Amino acid sequence: MPNIDKYNKAFTEAFMIDESNLPELKYQDVGGWDSIGHMQLMSRLEEAFDIELDIDDIIDFSSYEKGKEILKKYGAEI
Amino acid sequence: MKGFSLNPVELQEYQPNRYPFLMIDYVEEVIPGKSAKGFKNLTLNEWYFPEHFPGAPNMPGALQLESLAQMLTIAITTLPGNKGKIIHGLKHTVRFKKEVLPGEKLVIETEVISWKRGIAKGKGIAYTNGEVACEADMMISIPDILKQYLPKNEN
């Protein structure tokens, strides 16, 4: 599966939202992306890309777009 | 990590609930981060039996679930640095199989499936007379730890 699809799937499944909501999405924009949802998203991304995110990156992961920059550091080009 | 037991006095160091809401009596073995098992003895003196229900006392299902969650909590609060921390329930799915009656011993076995960044997933089964009384998938958190990982634009 292409990286963008894996990336989008992590969001849509963690927050139960449609892919059309993703481009502008920020932390707490939707009910599902609360504190618990954030940890679920991080776990899904770690599993999908076989990586372990640092605490600083988890804190910085404040939007859908920001997340793409962060994953690049782990060798996952979205 | 090596397992150990906790008597009713000792377990209160790892479990903030008190009468009338402490739903575990004894931890026979806790392996921090892995599992916790023990029991709750039920006498007719339990505060809920007179009302639930008059003439047909049985332990409320919500409190059976609470027993499982409190035991799972012990497996997390015994990890280094977690002692005395407040734990919140996040999401539980429970199935009840039979009535739990006065005079019975509720045997409680819980297992940690994952513990990461302040969130624990686990499962538990409670038995009476060797038969399953209820079973649950549980998710609990330590908010103190969880909040260390949140984006800074939290409102």
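Residues numbered from 1 in each chain as written. Chains lettered and ligands numbered in written order. Predicted model: local features only at pLDDT ≥ 70, side-chain atom pairs only at ≥ 80, totals over all residues.

Would you mind showing me how to read the overall build of chain B here?
When helices and strands are counted, chain B shows three helices and seven strands. Going residue by residue from the N terminus, the α and β elements of chain B occur as β-α-β-β-α-β-β-β-β-α. A globule of 155 residues ought to have a C-alpha radius of gyration of about 15 Å, and chain B, at 16 Å, matches this closely. Overall, chain B is about 55 × 35 × 25 Å in size when its C-alpha atoms are taken along their principal axes. Among the 155 residues that make up chain B, the fraction classed as buried is 36%. Counting contacts in chain B only where the partners sit at least 6 residues apart, residues at least 24 apart contribute 67% of the total. (Helix = DSSP H or I, 4+ residues; strand = E, 2+ residues; numbered from the N terminus. Rg over C-alpha atoms; globule rule 2.2 N^0.38 Å. Buried ≥ 20, exposed ≤ 12 C-beta atoms within 10 Å, placed from the backbone. Contact = placed C-beta atoms within 7 Å.)

Can you help me understand the sheet that holds strand E3 (residues 35-41) of chain B in this one?
Two orientations exist for strands paired in a sheet by backbone hydrogen bonds: parallel and antiparallel. Residues and elements named next belong to chain B. Reading across the sheet, the seven strands line up as E1-E2-E3-E5-E6-E7-E4 and stay open at both edges, with antiparallel pairing between neighbours. This sheet does not close on itself; its edge strands, each paired only once, are strand E1 (4-6) and strand E4 (88-96). Across the sheet, the mean angle from the axis of one strand to that of its neighbour is 20°, orientation sign disregarded. Here E4 pairs with strand E7 (residues 131-141) via eight bridges, running antiparallel. Paired with His92 across the bridge in E7 is Met138. Against the sheet, helix H2 (residues 61-77) engages strand E2 (26-31), E3, E4, strand E5 (105-116), strand E6 (119-128) and E7, with an angle of about 55° to E7. (Pairing = 2+ DSSP bridges. Axes fitted to C-alpha atoms, helices over the stretch in contact; angles between N-to-C directions.)

Just checking my understanding: could you explain the interface of chain B and chain A for this structure?
One frequently used descriptor of interface size is the decrease in accessible area upon assembly of the parts. If you look at the interface, chain B gives 12 residues, while chain A gives 13 residues. Residue classes in the side of chain B that touches chain A are distributed as six nonpolar, two polar and four charged. (Nonpolar A, V, L, I, M, F, W, Y, C, P; charged D, E, K, R; others polar.)

Honestly, helix H4 (residues 64-73) of chain A in this entry has me stumped. Any pointers?
Because an α-helix packs 3.6 residues into every turn, residues spaced three or four apart end up facing the same way. Residue and element names in this part refer to chain A. Of all the residues in H4, the buried ones are Tyr64, Gly67 and Leu71. Seen from one end, H4 has its buried residues packed into an arc of 45°, which puts them on one side. Of the residues in H4, the exposed ones pointing more than 90 degrees away from the buried face are Lys72 and Lys73. Of the surrounding secondary structure, the elements contacted by the buried residues of H4 are helix H1 (3-15) and helix H2 (35-49). Of the residues one or two after H4, Gly75 is the one with positive phi, at around 85°. (Arc of directions from axis to C-beta.)

How should the nonpolar core be read in this particular structure?
Considering soluble globular proteins, one finds that nonpolar side chains tend to be buried as a cluster. Leu68(B), Leu72(B), Ile74(B) and Ile140(B) are the most contacted members of the largest nonpolar core, which totals 53 residues. Contributing elements (two or more residues each) for this core: H1 and H2 of chain A together with E2, E3, H2, E5, E6 and E7 of chain B. Aside from chain neighbours lying at most four places away, what touches Ile140(B) is Ala69(B), Leu72(B), Thr73(B), Ile76(B), Ile87(B), His88(B), Gly89(B), Leu90(B) and Ala120(B). (Core = buried A, V, L, I, M, F, W, Y, C linked by C-beta atoms within 7 Å.)

Can you walk me through the pairing of E2(B) in this structure?
Each regular strand shows side chains that alternate between the opposite faces of the sheet. All names here are of chain B. Where E1 and E2 come together, two bridges link them in antiparallel fashion. Paired with Leu6 across the strands is Val27, a residue of E2. Where E2 and E3 come together, five bridges link them in antiparallel fashion. Paired with Tyr26 across the bridge in E3 is Phe39.

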